[in-house]
Amino acid sequence: MLFDLFNHWVVITLMMSGLYIVIAHGNLIKKIIGLSVFQTSVFIFYISMAKVDGGTAPILAENITQYSNPLPHVLILTAIVVGIATTALGLSLVVRIKEEYGSIEEDDIQQQDNQDLADSHLENKA
Amino acid sequence: MIAHLPILQVIIPLMAAPICLLFKRSQLVWLFSLIASGLAFIVSVLLLQQVMQSGVISYELGGWAPPWGIEYRIDKLNAFLLLIISGISTVVLFAAQASIEKEIVINKRIYFYVLYLLSLTGMLGIVATGDAFNVFVFLEISSLSAYALIALGKKRQALWASYQYLIMGTIGATFILIGIGLMYQMTGTLNMQDLSQRLPEVVHTRTVFAAFAFVIVGVCLKLAMFPLHFWLPNAYAYAPSIVTAFFAATATKVAVYLLIRFTFTVFGVSFSFTTLPLQTLFMSLGLLGIFIASVTAIYQNNVKHIFAFSSIAQIGYMIVGFSLSTVTGLTATLLHMFNHALMKGAIFLALAAIIYRLGNADLKNLQGLGRQMPLTMAAIVIGGLSLIGVPLTVGFVSKWYLLMALIEQDLWPIVVLILIGSMLAVIYVWRIVEVAYFKEPLDKNAPVKEAPLSFIIPIWTLVIANIYFGIDTRLSVQVAEAAAQSLFGASL
């Protein structure tokens, strides 16, 4: 019973560890990695959903009678592209953040932002 | 040509975006983007006309019949939304050239327009499509370009805000993707219309229940519904002013649209509002959003922050109307989407004009601006009155419908709470009025000049729309009511 849903266990494990990394880690790169793991779990979910036991690729040929559902596989190609775009954009943002703040730790950045805000408040009073 | 309107709506800005890269001068790109957005607006007007006359338009992409092919399905609800999005986008773009001259470095201006048009494409696509997976794709098109647009902001905080938005937005979109996958698993279809017919057969399964939960949470993240709103204030405050004006007026409306589309059309009213205590949940979260965000807005020192928090509060009103799940409640929500786009568009464009002259939008710098930039400040005041819900402005119309919907259900305590919530808006609008009109200018020797015409024209177009639709409510109310009725009609 448990083994029947092996794919789903993989999906859930990856999904939860991915989300956990995003939430728990303060390092911006680790967050992006967590996000990627999270997204990957969804890819596996779609792919395993469409797989038919013993099925091959959906090709029109004489001896092929059983084949997997191609649609979710194609859908996930799109989602993979989206995932890559997100990761690339996220990482390039991290590069820019490192240039501007000199750090990629969430706490550091937040602290610097708070400092900036406090400075401008002081200006307000002056 | 007329038969292809639904796809033209999306394809015009999509094709225009890469073409922008061919131009060398940013003025030309601006003109080109303005034309593209204007064309999209004309298409949306034609679509709305057609839908109001002859009902739902179904467009088969590439000639593949739904549910196998992707279908663009334009009914009254999306036609209304398409009109809001493309209209606001065009008006806002009008002021873009002058505004980004001050806010974006010269070699990035062309990319600004590319991203802007892509973001517009994404939003129009989300609304136009009748295919659940297509929604995800367009959602990511609009979000990815939105992250980049926000990161173009002048201050370094923009980068951090954009990063946070990216994390939250991606989690939200992936949740929606999971939900769509679960739905596909149960029904074998992605077409929304087809889904709505096949889901009832399997409605009792836990899978559908999980799909519903994932979709709703994902959409609420995008919606910035309280308490999932933390990405919004900084993203709006540090983005380039034009981007803020565009997103504040449209982006959250698209998310509200998705919420309505999924709950009413795809899952159906009876499932959506009975399996989960959605009514109580959304009602209380909506009200909490109104109060907490309004009170936070009162304590902000940056005017952009004030109105960003006010946006979260206004989303609260839409959620309250939605949570009633009655025709009047939904009409109020739809009206408020239209009206809020008009007010926030006007206010944030006026702020863009102020930033054009002052370089920032700190409250203290607004001293005496009432006399120095009378037209711009007057626009903020009228927009603010509209936020409060003063009669003769659009804000009054939607509040009125919301209160009627609540009274219909005998929810008197909520009526009182909504009225008190509106009073909170008086406080934060008054803070701005006080500084701008009752304090002496900071530097009398160097008076600030009124904003240039390229700002005044779009700002006042929106302000006049604010007043016009506050008095002559025929168009907005008629369309919103018809859309709300058709949503309930489809599900009964």
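Residues numbered from 1 in each chain as written. Chains lettered and ligands numbered in written order. Predicted model: local features only at pLDDT ≥ 70, side-chain atom pairs only at ≥ 80, totals over all residues. Heavy atoms only, no water.

Further remarks concern the overall build of chain B. The helix and strand tally for chain B stands at 20 helices and 2 strands. For 492 residues, the compact-globule estimate of 2.2 N^0.38 gives 23 Å, and chain B sits close to it at 21 Å. When the backbone C-alpha atoms are referred to their principal axes, chain B occupies close to 75 × 60 × 40 Å. Of all 492 residues assigned to chain B, the portion counted as buried reaches 66%. (Helix = DSSP H or I, 4+ residues; strand = E, 2+ residues; numbered from the N terminus. Rg over C-alpha atoms; globule rule 2.2 N^0.38 Å. Buried < 20%, exposed > 50% of the residue type's maximum accessible area, 1.4 Å probe, protein only.)

With that settled, consider the confidence of the model for chain B. Summarising the model, chain B shows a mean pLDDT of 88, and 99% of its residues fall at 70 or more. Looking at the elements of chain B, mean pLDDT is at its lowest for helix 11 (residues 269-275) of chain B, recorded as 80, and at its highest for helix 5 (residues 132-151) of chain B, recorded as 93. (pLDDT = per-residue confidence, 0-100.)

Before going further, it helps to spend a moment on the interface of chain A and chain B. Every contact between the two is made by 40 residues of chain A and, on the other side, 32 residues of chain B. For the pair chain A and chain B, the two sides together bury roughly 3,300 Å², of which 74% comes from carbon and sulfur. The interface formed by chain A and chain B holds 1 salt bridge in total. The partner of Asp116 of chain A in a salt bridge is Arg156 of chain B, and the shortest N-O contact between them spans 3.2 Å. Counting across the interface, chain A meets chain B through 10 residue pairs in polar contact (both at pLDDT 80 or more). Contributing elements (two or more residues each) for the side of chain A that touches chain B: helix 1 (6-24), helix 2 (28-50), helix 3 (70-101) and helix 4 (106-125) of chain A. (Contact = heavy atoms within 4.5 Å. Buried area = accessible area lost by both parts, 1.4 Å probe. Salt bridge = Lys/Arg side-chain N within 4 Å of Asp/Glu carboxyl O. Polar contact = N/O pair within 3.5 Å; in protein donor to acceptor, adjacent residues only side chain to side chain.)

For the coordinates displayed, the defined rule picks out 3 cavities of 30 Å³ or more. In terms of lining residues, the largest cavity is bounded by 16 residues, among which Ser142, Ser143, Tyr165, Lys222 and Ala251 of chain B are the most central. When residues of the lining of the largest cavity are traced back to their parent elements, those giving at least two are helix 4 (109-128), helix 5 and helix 10 (241-266) of chain B. No other element matches helix 10 of chain B, which puts 5 residues into the lining of the largest cavity. Classifying every residue of the lining of the largest cavity gives 11 nonpolar, 4 polar and 1 charged. Computed from the structure, the second largest cavity encloses a volume of approximately 50 Å³. Surrounding the second largest cavity, Gln39, Val42, Phe43, Ala79, Val82 and Gly83 of chain A together with Phe136, Glu140, Thr174 and Leu177 of chain B form its lining. Across the lining of the second largest cavity, the residue classes tally to 6 nonpolar, 3 polar and 1 charged. (1 Å grid on protein atoms, 1.4 Å probe; cavity = no way out; pocket = protein on both sides within 12 Å on 5 of 7 lines; lining within 4 Å. Points joined across faces, edges and corners; volume = space filled by probe spheres on them. Nonpolar A, V, L, I, M, F, W, Y, C, P; charged D, E, K, R; others polar.)

Because each turn of an α-helix spans 3.6 residues, side chains separated by three or four positions end up pointing in the same direction. Residues and elements named next belong to chain B. Its 20 residues place the ends of helix 5 29 Å apart at the C-alpha level, agreeing with the 28 Å of an ideal helix rising 1.5 Å per residue. Along helix 5, 19 of the 20 residues are buried, which leaves the element largely enclosed by surrounding structure. The opening residue of helix 5, the one whose side-chain oxygen lies 3.1 Å from the backbone nitrogen of Phe133, is Asp131. (Expected span 1.5 Å × (residues − 1).)

Turning our attention to the layout of surface pockets. Considering only enclosed or pocket space, the largest pocket measures out at about 520 Å³ in volume. Taken together, 22 residues form the lining of the largest pocket, with Glu106 of chain A together with Gln164, Met168, Phe230 and Trp231 of chain B sitting closest to its centre. Of all the secondary-structure elements, those providing two or more residues to the lining of the largest pocket are helix 1 of chain A together with helix 6 (157-187), helix 9 (232-238) and helix 13 (303-323) of chain B. Take the lining of the largest pocket: its biggest share by element is 7 residues, from helix 6 of chain B. When grouped by side-chain class, the residues that make up the lining of the largest pocket number 15 nonpolar, 5 polar and 2 charged.

Moving on: the nonpolar core. Counting 236 residues, the largest nonpolar core has Tyr46 of chain A together with Phe112, Met183, Ile260, Phe267, Leu406 and Ile418 of chain B as the members making the most contacts within it. Sort the elements by how many residues they give to this core and helix 14 (residues 327-358) of chain B lands first, with 20 residues. Each residue touching Phe267 of chain B, except ones within four places of it in the same chain, is listed here: Met183, Leu199, Val208, Ala211, Phe212, Phe262 and Ser272 of chain B. (Core = buried A, V, L, I, M, F, W, Y, C linked by side-chain atoms within 4.5 Å.)

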